[in-house]
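Survey of secondary and tertiary structure
Single-letter residue listing:
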Amino acid sequence: MAWVTKDSVEQYDHTPEPPKEYTKKEKAQNWWHYHKFIVLGVVVAILVVAWFIKDTVFQTRPDVQIGYIGQYDLPADTVTALQDALTPYCADLNGDGKVVVQVNSYTVDFNDENDNTDAYNQMAGVTRLSADLSDSGTLYVMLIADPAGFQKSTGALAYLDGTPPEDDADDWQNMVYRWTDCPVLAGMDLGDYDGYTLLDDATGSSQSVLSTLYVGRRAVLDEEQAAHYADGEELWQTLTAGAVSTAAAE
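This section reports on the structure supplied with the text. (Residues numbered from 1 in each chain as written. Predicted model: local features only at pLDDT ≥ 70, side-chain atom pairs only at ≥ 80, totals over all residues. Heavy atoms only, no water.)

This paragraph deals with the overall build of the chain. In terms of regular secondary structure, the chain is built from 9 helices and 7 strands. Expressed as a percentage of its 250 residues, the buried residues of the chain come to 32%. For the chain, the share of sequence-separated contacts (at least 6 apart) that also reach a separation of at least 24 residues comes to 67%. Total accessible area on the chain is roughly 16500 Å²; 55% of this is exposed by carbon and sulfur atoms. (Helix = DSSP H or I, 4+ residues; strand = E, 2+ residues; numbered from the N terminus. Buried < 20%, exposed > 50% of the residue type's maximum accessible area, 1.4 Å probe, protein only. Contact = heavy atoms within 4.5 Å. Areas by Shrake-Rupley, 256 points an atom, 1.4 Å probe, with all protein chains shown as cover.)

Listed below in structure tokens is the structure:
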């Protein structure tokens with residue numbers, strides 16, 4: 001039997017091919033392929049640092065914060081007008097050369113039997129409200145749509161003379177006064193609003209919206225809290241000058 005074998009003296013060409021010459025575009029694409037995630041990480045880090053600097057250094061800080069607690073948000077025009085109207089009653093407390101009053105809205109429905117309450121908004125409102133009513137919070141003067149439900153749920157209101165109520169006190173009428181029973185607030189020129197939201201065309205008087213609210217302040221339990229809320233107390237005394245308590249009005 002014969003075997004066919006390759007000639008042992010067959011020669012092979014071992015000359016290597018010359019290296020490929022890449023164009024500038026190909027070189028850029030190759031570099032991006034291997035470094036794109038590093039570049040994206042650096043960009044994200046720069047954006048985070050920039051946001052942090054803007055938030056901590058350049059953001060305008062309010063001198064006084066007012067809380068609105070209700071089932072529905074106030075019209076944007078009403079909020080702006082109220083902030084502007086309250087500014088003359090406040091001072092530049094943080095020393096940044098500006099007097100800024102900020103109205104914080106907390107969308108909370110204290111009626112447990114209301115099946116139309118948006119669960120997401122309710123949870124978000126309760127979370128923010130709880131945080132701002134904490135010992136280190138900023139909420140002192142409040143505009144409240146449902147003071148009975150608010151006091152039952154939070155126990156955060158003080159009597160009009162500043163005395164903290166007992167834990168089981170339910171005489172909320174002695175802890176608030178109506179917006180319309182305060183000459184300073186009821187006398188503010190707040191103009192009209194044009195739309196509750198960007199999606200409706202409702203119009204009306206901002207005073208008519210606020211006239212249904214009650215005004216109250218946070219109960220202060222010790223001297224440390226009293227010092228923390230001193231600025232809010234000063235505004236409270238100014239706004240409540242001549243106000244009639246809800247219990248007295250009734």
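Read on, since the account is not over.
In terms of burial, strand β1 (residues 64-70) is a largely internal element, 6 of the 7 residues being buried. Bridge count for β1 against strand β2 (residues 101-107) is 7 bridges, and the pairing is parallel. Pairing of Tyr68 across the sheet is with Ser105, part of β2. Where β1 and strand β3 (residues 141-144) come together, 3 bridges link them in parallel fashion. Counted as the bridge partner of Gly67 is Met142 from β3. (Pairing = 2+ DSSP bridges.)

Another aspect to go through is the nonpolar core. Note on soluble globular proteins: their nonpolar side chains tend to be buried together. Counting residues in each nonpolar core, the largest one holds 32 residues, and the members touching the most others are Ile66, Leu185 and Met188. Elements that contribute at least two residues to this core include exactly β1, α2 (76-86), β2, β3, α5 (183-186), α6 (206-210) and α8 (230-239). In terms of residue count, the dominant contributor to this core is α2 (5 residues). For Ile66, the residues in contact, after removing those within four places along its chain, are Leu86, Val101, Gln102, Val103, Asn104, Leu139, Val141, Leu143 and Leu235. (Core = buried A, V, L, I, M, F, W, Y, C linked by side-chain atoms within 4.5 Å.)

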